[in-house]
Amino acid sequence: MLDRIRRPWSDRRAELVLGAAACLLAIGIVTMIVFVVRGAWPTFSHDGFSWLGSHGSVDSRIGAMQNTSANPAASAYQIGIWPLIYGTLLSAGLAVALALAVALAASIFIVDFAPPAVRRTMTPVIRLLAAVPSVLYGLIGVLLLVPFTNHLVTQQQKASVAYVIQLSGGGVAVVVLLLAVMITPIMTALITDALESVPRPWREGAIALGLNPLRATLAVSVRAIRPAIVGAVGLATARAIGEAIVVSMASGGASFSPNPTDGVVFWFEPFETAASTIVRNADGLSAPVLHSTLYAIAALLLFSSFMLSLAAYLVKLPLRRYQVSN
Amino acid sequence: MAQSESAQAPQLLPPRRSRGRRSSLFSWRARDQAVFALAWITGIGLCLVVAAIVLLFATKGFDYLRPDLLFSRPSAAVNQAQSGGFLDPIEGTVMLGILGLAIAAPLGVITAVWVVEYGRPRWLSRIVESAVEVIAGTPDVVLAIFGLALFELGIFAPLSFSSPGGAFGRSFLTSGIIVSAVAIPSVYTATRNGLIATPRQLREASYALGKTRIATIRRVVLPAVRRDIATGATLGLGRIIGDTAIVILLLGATLRTQTESGTPLLGLLRGTGSTLTSYIYNNSPSGEGNAPNKAYAAAAFLLLLILLLNWGVGRIGRIGGPPIHEERRLGA
Amino acid sequence: MTDRASAARNWVAPEAPAWQNEPLPIEKLDLEAQLMAIAPERTNARPRRATAAATAVERLRLEDVSVFYGNTPAVKNVSLSIRQGEVLALIGPSGCGKTTLLRTLNRLTELTPNASHSGRVLLDDEDTHDIVDTELRRRVSMVFQQPNPFPMSIFDNVGFALREQSRKRPRRRELEPLVDHALQRAGLHDEVRADLNRSALRLSGGQQQRLCIARAIAQEPEILLMDEPCSALDPRSTAVIEDLILQLREDLAIVIVTHNLQQAHRIADRVAFMYLGDLVEVGETEQVFSDPREEQTREYIAGVFG
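Predicted, not measured: the structure shown is a model, and the values here were computed from it.

With that settled, consider the overall build of chain A. Along its length, chain A carries 13 helices and zero strands. When its C-alpha atoms are laid out on the principal axes, chain A stretches across 70 × 65 × 40 Å. The burial tally for chain A puts 53% of its 326 residues in the buried class. Sequence separation of at least 24 residues holds for 76% of the intrachain contacts in chain A that already meet a minimum separation of 6. Taken as a whole, chain A presents about 13,900 Å² of accessible surface, with 65% of it coming from carbon and sulfur.

Okay, the confidence of the model for chain C next. Residue and element names in this part refer to chain C. When pLDDT is averaged across chain C, the result is 82; 82% of the residues are at 70 or more. Within the model, the stretch residues 25–29 combines pLDDT values under 50 with four contacts to residues more than four positions away or in other chains. Both confidence scores are given for the complex: pTM 0.80, ipTM 0.85.

In this section: a nonpolar patch on the surface. A grouping of F303, M307, L310, Y313, L314 and L317 of chain A is seen on the molecular surface, where their side chains present a nonpolar patch of about 590 Å² in accessible area. Among the structural elements, Y313 of chain A can be located in helix 13 (residues 288–319).

Turning to the interface of chain A and chain B, a few remarks are in order. Contact residues are listed per partner, giving 73 residues for chain A and 76 residues for chain B. Interface area for chain A against chain B, summed over the two sides, is near 6,600 Å², with a carbon-plus-sulfur share of 79%. On inspection of chain A and its partner chain B, the count reaches two salt bridges. Here R215 of chain A makes a salt bridge to D32 of chain B, at a shortest N to O gap of 3.0 Å. At the surface where chain A touches chain B, the tally comes to eight residue pairs in polar contact (both at pLDDT 80 or more).

As a further point, take the pairing of strand 10 (residues 278–284) of chain C. Residue and element names in this part refer to chain C. Within strand 10, six of the seven residues are buried, which leaves it mostly tucked inside the rest of the structure. Pairing analysis gives six bridges linking strand 9 (residues 270–275) to strand 10, with the strands arranged antiparallel. Across the sheet, the residue bridging to F273 is E281, located in strand 10. Counted between consecutive antiparallel strands, the loop separating strand 9 from strand 10 contains two residues, among which L276 sits at a positive phi close to 55 degrees.

It is worth spelling out unusual backbone geometry at this point. Glycine aside, the phi torsion of most residues is negative, and most peptide linkages are trans. At the junction of R120 of chain B and P121 of chain B, the peptide bond is cis and its omega measures out at -5 degrees in the coordinates. Inspection of the secondary structure puts P121 of chain B in the loop between helix 3 (87–118) and helix 4 (122–137). Backbone geometry at E228 of chain C places phi at a positive 45 degrees, although glycine is not the residue there. For E228 of chain C, the location among the structural elements is in the loop between strand 7 (223–227) and helix 10 (235–248).

Moving on to the pattern of salt bridges. All names here are of chain C. Enumeration according to the criterion identifies 34 salt bridges over all chains in this entry. R270 is the partner of E86 in a salt bridge, and the nearest nitrogen-oxygen pair spans 3.0 Å. Of the two residues, E86 sits in the loop between strand 2 (72–83) and strand 3 (87–91) while R270 sits in strand 9, which places them 184 residues apart along the sequence. The pair formed by E86 and R270 is uniform in burial state, with each residue classed as buried. Ionic contacts of the salt-bridge type, sharing partners, join the residues E58, R61, E63, R120 and D125 into one network.

Residue and element names in this part refer to chain A. With their axes 9 Å apart at the nearest point, helix 3 (residues 82–113) and helix 10 (residues 226–242) run at an angle of 140 degrees to one another. Judged by the inter-axis angle, helix 3 sits oblique to helix 10. Viewed along their axes, helix 3 and helix 10 form a crossing whose handedness is right-handed. For the pair helix 3 and helix 10, the contacting residues are T88, A92, V96, L100 and L104 in the first and I229, V233, A236, T237, A240 and I241 in the second.

On to the environment of E294 of chain C. All names here are of chain C. With respect to the helices and strands, E294 occurs in the loop between helix 12 (285–290) and helix 13 (295–302). For E294, a relative accessible area of 29% translates into the label partly exposed. Sequence-distant contacts of E294, defined by excluding residues within four places in its chain, comprise V280 and E281.

Residue and element names in this part refer to chain C. Close contact between helix 7 (residues 172–185) and helix 9 (residues 205–217) brings their axes to 8 Å; oriented N to C, the two are set at 130 degrees. By the angle class used here, helix 7 and helix 9 are oblique. Seen along the crossing, helix 7 lies across helix 9 with a hand that is right-handed. Residues A182, L183 and R185 of helix 7 touch helix 9, and the partners they reach there are L211, A214 and I217.

A separate point is the interface of chain A and chain C. The interface is formed by 20 residues belonging to chain A together with 28 residues belonging to chain C. Both faces considered, chain A and chain C share a buried interface measuring about 2,000 Å² in area, 64% of it formed by carbon and sulfur atoms. For the pair chain A and chain C, the number of links is three salt bridges. A salt bridge links R103 of chain C to E204 of chain A; its shortest N-O distance comes to 2.8 Å. On the surface where chain A and chain C come into contact, there are five residue pairs in polar contact (both at pLDDT 80 or more).

A separate point is the pairing of strand 2 of chain C. Each regular strand carries side chains that alternate between the two faces of the sheet. Residue and element names in this part refer to chain C. Sheet analysis places strand 1 (residues 58–69) next to strand 2, joined by eight bridges and oriented antiparallel. The residue of strand 2 that forms the bridge with V65 is V78. Counting the residues between successive antiparallel strands, the hairpin from strand 1 to strand 2 contains two residues, one of them, G70, with a positive phi of roughly 65 degrees.

By size, the foremost hydrophobic cluster in this structure holds 216 residues, and its most contacted members are L139 of chain A, F57 and I280 of chain B together with L62, L80 and F160 of chain C. Sorting elements by how many residues they give to this core places helix 3 of chain A first, with 15 residues. In this structure, I280 of chain B is in contact with V135, L136 and L139 of chain A together with A295, A298, A299 and L302 of chain B, ignoring residues within four places of it in sequence. Listed in part, the 47 residues of the second largest apolar core include A200, A214, I217 and I245 of chain C.

Criteria and thresholds
Residues numbered from 1 in each chain as written. Chains lettered and ligands numbered in written order. Predicted model: local features only at pLDDT ≥ 70, side-chain atom pairs only at ≥ 80, totals over all residues. Heavy atoms only, no water. Helix = DSSP H or I, 4+ residues; strand = E, 2+ residues; numbered from the N terminus. Buried < 20%, exposed > 50% of the residue type's maximum accessible area, 1.4 Å probe, protein only. Contact = heavy atoms within 4.5 Å. Areas by Shrake-Rupley, 256 points an atom, 1.4 Å probe, with all protein chains shown as cover. pLDDT = per-residue confidence, 0-100. Patch = residues over 30% accessible without salt bridge, like charges linked within 9 Å, V, L, I, M, F, W, Y side chains within 5 Å. Salt bridge = Lys/Arg side-chain N within 4 Å of Asp/Glu carboxyl O. Buried area = accessible area lost by both parts, 1.4 Å probe. Polar contact = N/O pair within 3.5 Å; in protein donor to acceptor, adjacent residues only side chain to side chain. Pairing = 2+ DSSP bridges. Axes fitted to C-alpha atoms, helices over the stretch in contact; angles between N-to-C directions. Parallel < 35°, antiparallel > 145°, perpendicular 65-115°, else oblique. Left-handed = near helix turned anticlockwise from the far one by under 90°. Core = buried A, V, L, I, M, F, W, Y, C linked by side-chain atoms within 4.5 Å.

Below you can see the structure in the form of structure tokens.
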């Protein structure tokens, strides 16, 4: 077809149109920031940074907020959400640490040791695990693991902390486990891809120098993919921090700060995270004080996900020195 | 002086073949052996975990899953555990999936095409790429809350329905728009990787025939990455139908699909309802209902959908056709 | 015969090669002791310096070696002897099995799942299959066709094997003299001494290949295998590396696979011609090139096929 009936779009016009469409995303993000901060403004203006501290029970404050009238006093905005921040950091941190160890080991297994048949089945397995919706993990948590842990915790252990908090199953251990299972497949997939993209001559060179295959992988391949590992950790942490459903279903429902010095009981103490608080109290959004408080929490989450991306980028920078530029 | 050491006449019977003694595992250092064992354990363990999850939902779910559940509507009966099905949530999931993908797929593809094929000025291209990364990293609750704030504005009333102080803000349309954000990164990344992977010769050949860049993209490059786009879209669809937080916040809490006034289709989209995910959440002890068997049944069905989508992704990868450099009539 | 080739032919180990006179930062340099301190499990006790090429000691012997990929033979019934102090070149057209034969010598063929072999390879009269493969590869080092330096600094590249194989991870101070020595032997020290922490990937192709050679000889191997080391390099780098090979052959037995007949003529003491998996002829370079016994050899050298 050498003749064209319609005049084709000029490149300039196409570039502008496509570019405008692509910028929609950037515009959307800016809009999001604006709206979230706007909704959070009352809380920020009334509380300032003390909002991040700890001022007693979050639950009772939120409960009080649900009943505020249209013109609330400044004191109604008072809340200290440190327990939520602590809960988020605790659950996400432990989950990512666990998932990283498992993902590294599993990736090395897939790339180096798995027999071909096993390797072929593992790819769809990992992909399936990554695709399971979070509400299903939450369901496993609330219907299986929570009663199980409730059964596990002895009466004596419950009594030992009864003056502060009621243990009713669920808590740190269950949430960390579920979160870890949720984020492991993503990390495994990323690290496996990175390992497989390491040029073969490097590993072969290491073996030819007399290293056994595992040492060769650890000393050369894993070292070479450090930026990818950092990226995977960043991604997984963002996912773990933002996960609201699993936490709200399996964390025990009280915004408490689990105390590591409590020993074994620590693993069964309930907590809340920032994200789960939003979900739990979503139906109370009509109350203005609660409204702005929840938006403030959302703004905090947004800010932390930005910081996470930035941190991952910064950590990767010095690692670039030894890479082939790509 | 070396004598000529030439080979004998090639005779290959019976060579005493050995594969050589492999490096004995026990000669490795203890630390290496431990890591080796750990690698095997986690590898197999992961497979077992998946098997356990699938089996759990298969058995418990299909205990309760009956065909009529699929095709009957939820009913507000006193005995929640025995009554009603989840046809409405299924409808909701389907609608949300279609809506979300209809927005995410074109947007993701266009963005990827612009970044890879054009991408000028450079700073703008980097901003756009960062924007996609930011979207990928934003928790879905934050997206949901943003959606709420946005669509409660009066000007967006057509998307849901009016209420005092602006709009109600919760409807299939609003949640569809927001939920597309969780699929955009998948489509974008898959398309971008596909575009980068197509060989330069493909485009150069088209330019050599006198085609403009945009025509090249439309006729040559995009068809070459069809498979990647499909993969990305399917992955994105999986994430859409699995999302719960956005649905909970942005779709209202009605069990059954409520249509708004207006034309049939638009009314449906402007109304509220539920999806499988919110249905599961609400029927679990965390939600208001306590009908775990219905939750299991719906969960089994949802898992089945996800499995199908995943299998679809695998199939798309396999039936991609011959490699690019072997086929393709270029031009015209 | 060119001057260069005759110079190579008549080369005799000088008493004190020029680079040895250069003062090294450490006063007392006892490399044997250093190496023993770091990797005491090295067991080889043979003398490493041959006084002249004439008293070449046989280090590696192949006895009727055949290598199969699945059921296809890649190397058929090869018997060969490799001696210290001389360079053996494996020549032949593509696909004749020379690379496979080379890789069998350090058991690198085991990385290919369906490879199997028959016959014996003896290193100092010890069957290589009775030696643990990691130990074997420390004594028989390999340099590949494409330079493959690791994505690390120059220092880390050369010290890589030394670091990984010692029981206790040696400190940088302990490694420095060994790394320097290896870089000097590889003829790279002058060019990189300014900054050993630079990324190895920033070096030029010829420098990278010399770095790989330095890395390979850092562990003081007994045999050095080279798989077409210059085929990816420009002529100047090739010349540098050929000089290097001539210097190194004093201490090592070197087996080099090459496509380039002129290169084989320049640097090899003995030449083995392979064709389609068979070892057709082996002998002194002069004899094989000017008066080959086999017709096939004559034809190959004359360029009838390639």
